[in-house]
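Remarks on the overall topology
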Amino acid sequence: MGTTAHPDRAYRVPVTQTTQTQPTPPDGAFERYKPRSPEFRAAAGALRGLWQDLFHQAFAYRPLPRMAVDGPLTRHLPARTKRHAVWLPHAVVVAGAVVAMLVAVAGSDAGGGTVLCGLLALTPVLLTLVRPVGAFWVSFAATAATAVLGSSWGSWPWLPGSLVSHLLVLTIVAIRTRPRTAAWMWLLTALYGFWAESVLGSAHYDTDTAPMLVVSALALLVVTVGHVRRQAERQVTAQQTVTEHERSRRTLLEERTTIARELHDVVAHHMSVVAIQAEAAPYRVQNPPPELEQAFTTIRENAVAALTELRRVLGVVRAEDYEAPDAPQPTLADLDGLLANVREAGLAVDKVVTGAVRELPQGVELSAYRITQEALSNTLRHAPGAAARVEIGYVLGGLGLRVVNGPPPVPQQVKSSPGAGHGITGMRERVSMLNGEMTAAPTADGGYEVTVFLPVPAAPAIEDGS
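In this report, we go over the structure that sits alongside the text. Per chain, residues are indexed from 1 in the order of the written sequence. pLDDT decides what is reported in this predicted model: residues at 70 or higher carry local features, side-chain atom pairs at 80 or more are listed and counted, and totals for whole chains, interfaces and linings draw on all residues regardless. Note: side-chain values were computed over all heavy atoms of the structure, leaving out hydrogens and water.

1. What about the overall build of the protein?
Secondary structure elements are taken from DSSP: a helix is a run of H or I of four residues or more, a strand is a run of E of two residues or more, and numbering for both begins at the N terminus. On a plain count of helices and strands, the protein comes out with 13 helices and five strands. Of all intrachain contacts in the protein linking residues separated by at least 6 positions in sequence, the fraction that spans at least 24 positions is 72%. Only the protein chains shown count as cover for residues, with accessible areas throughout obtained via the Shrake-Rupley method and a probe of 1.4 Å. Within the structure as shown, the protein displays about 29600 Å² of accessible surface, and the carbon and sulfur contribution to it stands at 61%. Any two residues whose heavy atoms approach within 4.5 Å are treated as being in contact.

Here is the structure:
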């Protein structure tokens, strides 16, 4: 009698279990990974800022740049004076250093150390020309050295020369750095003054820490406000540039959309004519050959397919509320109606046509009409009351168009009505689409002129096969 195995045992697969033993972290390891408090992170960030502003590469070479001479005042200076005006900031710093030296020499009674006290007041200010942050630390060292060499009966801890020199250093370094650096310098100056008073000031009857802190705070506040204002102006200018770029881009896209809509209507009209003519052509010939019927059928099918594809592709540029115009797109033949409308609006306009008038491609005539329309609209908006002139020249190889207006008759009494400021963009886009050329610029008498040339390729000659 056989033994029947348990059904579960027949499918059991031995599994090897692997147990990993993690070492126990040492005591205090978990504390190192605890999230830091906001206060701790703020303090650590402040110390990193202090290190970056006043300690890291403190004596790096950073020469004072020359002054730009394209400002509202300096741009009117003669060329020879401009060459010297660029060094004006350096001359001001040197003059301040000389003043600090003279004050140090006049206020010192150190005997033979008087000249040394003057040099200690001069050096930190001059150093701001090339190593601004380093000049701050040198000013501290010079202040301490001057206090040792100078009179013990004077003000403490800054002698007169050191006071002027340190104020100049604080102001110049604050101008050349950022507001955070100015705050650190003022705080270190306050700490030095309180430390010098409490530790070394027992033998002195007067202190100038409070005047130093008040005057330096006012100077640094003025500099900081200037920094903030210039930064805000740069941000506003950058934002205005971006906004203007986006506005121009949006206007360009809108103009291209308008052109695409108009071209859709123009091309759709011609494609419809091709399809209808291809369908009707075989019926105009008695007993047409089958090959001819097949050819016209193919032409019609391709025309209908192309028209369907054109409507599908260019249909994406139509707005949801866009309605196709019932009337056909305007051409140069409709220009007299446009001129009549602007005359009713108060614009005196004349039209001059030169050359042999001929039928041009509908896209060229439509663009010429729209350019004339926009140019006259600009005249109504920007030069109300001025006279305008439209010149159309049918020349070999293209169409010339010139729209010029004179200045307003009484500029001080006639108020213009500016538009979006992008009419020229639309004109250029239409001219560029047709590989034409365009210029738009003010005239010598205060008016404005738009000149356009739209090339028209000559129709290829049909060779006689006979």
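There's more to say after this.
2. Some words on helix 2 (residues 38-55)
Two residues of an α-helix separated by three or four positions point the same way, owing to the 3.6 residues in each turn. The terminal C-alpha atoms of helix 2 lie 25 Å apart, and with 18 residues this matches the ideal 26 Å at 1.5 Å per residue to within 8%. Type-normalised accessible area, obtained with a 1.4 Å probe on protein chains alone, sets the label of each residue: buried when under 20%, exposed when over 50%, and partly exposed for intermediate values. Within the span of helix 2, buried status applies to G49, L50, D53 and L54. Seen along its axis, helix 2 keeps its buried residues to an arc of 105°; they face one direction. Away from the buried face of helix 2 by more than 90 degrees, exposed residues L47, R48 and W51 are located. Taken together, the buried residues of helix 2 touch helix 6 (132-149) and helix 8 (179-200). Positive phi shows up at Q57, right after helix 2, with a value of about 50°. Helix span, expected: 1.5 Å multiplied by one less than the number of residues in the helix. When we speak of the arc, we mean the arc of directions from the helix axis to the C-beta atoms.

3. Digging into a nonpolar patch on the surface
A patch is a set of surface residues, each over 30% in relative accessible area and not in a salt bridge, joined within 9 Å for like charges and within 5 Å for the nonpolar side chains Val, Leu, Ile, Met, Phe, Trp and Tyr. A pair is scored as a salt bridge if a Lys or Arg side-chain nitrogen falls within 4 Å of a carboxyl oxygen belonging to Asp or Glu. Where nonpolar side chains cluster on the molecular surface, the patch consists of V94, V98, L102 and L126 and spans about 290 Å² of accessible area. For the nonpolar patch, the element with the highest residue contribution is helix 4 (residues 88-106), accounting for three residues. Counting through the fold element by element, V94 comes out in helix 4. Using a relative accessible area of 36% as the deciding quantity, one classes V94 as partly exposed.

4. Description of the nonpolar core
Nonpolar cores were defined as sets of buried Ala, Val, Leu, Ile, Met, Phe, Trp, Tyr and Cys residues, with membership established by side-chain atoms within 4.5 Å. L335, L376, V390, I392, L399 and V452 are the most contacted members of the largest nonpolar core, which has 30 residues in total. At the level of secondary structure, the elements contributing two or more residues to this core comprise helix 11 (335-344), helix 12 (362-382), strand 2 (387-395), strand 3 (398-405), helix 13 (423-433), strand 4 (437-442) and strand 5 (448-455). Examining the composition of this core, we find that six residues originate from one element, helix 12, more than from any other. Beyond its immediate sequence surroundings of up to four residues, I392 is in contact with L332, L335, K351, V352, V353, T354, L399, G400 and L401. Within the second largest apolar cluster, 28 residues are counted, among which are A58, L122, F140 and V173.

5. Some details on unusual backbone geometry
The backbone of Q57 sits at a positive phi, close to 50°, despite the residue not being glycine. Tracing the backbone shows Q57 in the loop between helix 2 and helix 3 (79-85). The residue N435 is not glycine, and still its phi comes out positive at about 60°. Take N435: it is sitting in the loop between helix 13 and strand 4.

6. Some words on the sheet that holds strand 1 (residues 348-354)
Here a strand pair is declared whenever DSSP counts at least two bridges between the two strands. Taken in spatial order, the five strands line up as 1-2-3-5-4 in an open sheet, and their pairing is mixed. Edge positions in the sheet fall to strand 1 and strand 4, since each has one partner strand and no second. On average, each strand axis in the sheet is tilted by 10° relative to the strand beside it, whichever way the strands run. Relative to strand 2, strand 1 runs parallel, the two sharing seven bridges. Bridge pairing links T354 to G393 in strand 2. Set on the sheet, helix 13 makes contact with strand 4 and strand 5; between it and strand 4 the angle comes to about 160°. Between N-to-C directions, angles cover 0 to 180 degrees, with each direction set by a line fitted to C-alpha atoms, over the stretch in contact for helices.

7. Brief notes about the packing of aromatic side chains
Centre distance within 6.5 Å is the pairing criterion for rings of Phe, Tyr and Trp, where only the six-membered ring of Trp is used; planes under 30 degrees apart are then read as stacked, over 60 as edge-to-face, and the remainder as tilted. Going through the model one piece at a time under the given rule, you end up with eight aromatic pairs. Measuring from ring centre to ring centre gives 5.2 Å for F140 and Y192, while their planes differ by 50°; the resulting arrangement is tilted. Placement of the pair is F140 in helix 6 and Y192 in helix 8, with a sequence separation of 52 residues. The exposure class of F140 is buried, given its relative accessible area of 11%. Overall, Y192 belongs to the buried group, its relative accessible area being 17%. Within the aromatic cluster, the residues linked to one another by ring pairs are W51, F55, F136, W137, F140, W158, Y192 and W195.

8. A look at the pairing of strand 4
Of the strand pairs in this sheet, strand 4 and strand 5 are connected by six bridges, and their pairing is antiparallel. Along strand 5, the bridge assignment pairs A441 with E449. The loop that links strand 4 with its antiparallel partner strand 5 comprises five residues; one of these, G446, has a positive phi angle of about 95°.

9. Points about the packing of helix 2 against helix 8
Look at helix 2 against helix 8: their axes get within 10 Å of each other, and the N-to-C directions meet at 95°. Of the possible angle classes, the one that applies to helix 2 and helix 8 is roughly perpendicular. Side by side, helix 2 and helix 8 meet where A46, G49, L50, Q52, D53 and L54 of the first sit next to R180, T181, W184, M185 and L188 of the second. Tallied by class, the residues present in the contact of helix 2 with helix 8 amount to six nonpolar, three polar and two charged. Here is the rule for angles: anything less than 35 degrees is roughly parallel, anything more than 145 is roughly antiparallel, 65 through 115 is roughly perpendicular, and the remaining ranges are oblique. The classification used treats Ala, Val, Leu, Ile, Met, Phe, Trp, Tyr, Cys and Pro as nonpolar, Asp, Glu, Lys and Arg as charged, and all other residues, Gly among them, as polar.

10. Some words on empty space enclosed by the protein
Here the term cavity refers to a set of points on a 1 Å grid, laid over the protein atoms alone, in which a 1.4 Å probe fits but cannot get out; the term pocket refers to an open set having protein on both sides within 12 Å along at least five of seven lines, with lining residues being those that place an atom within 4 Å of a point. Grid points are joined across faces, edges and corners, and a volume is the space filled by probe spheres set on the points. Tallied over the entire structure, the rule returns two cavities of 30 Å³ or more. Put simply, the largest cavity is a space of about 50 Å³. What lines the largest cavity is A104, G107, S108, C117, T146, L159, P160, G161 and S162. Counting residues per element, the lining of the largest cavity draws most heavily on helix 7 (residues 160-176), which supplies three residues. Tallied by class, residues from the lining of the largest cavity come to four nonpolar, five polar and no charged.

11. Points about the side chain of D208
As for its position among the elements, D208 is in the loop between helix 8 and helix 9 (209-280). Lys and Arg are tallied as positive, Asp and Glu as negative. Neither His nor the chain termini are counted. Put simply, D208 is tucked away with no salt bridge, and the nearest opposite charge, on R176, sits 26 Å away. Counting of polar contacts relies on pairs of N or O atoms within 3.5 Å, with two restrictions inside protein: one atom must be capable of donating a hydrogen and the other of accepting it, and residues adjacent in sequence are counted only when both atoms are side-chain atoms. Among the polar contacts listed, one links the side chain of D208 to the backbone nitrogen of W158, at a separation of 3.3 Å. Beyond its immediate stretch of four places on either side in the chain, D208 contacts S155, W156, P157, W158 and L159.

Everything listed here is a matter of coordinates, which is why it stays silent on function.
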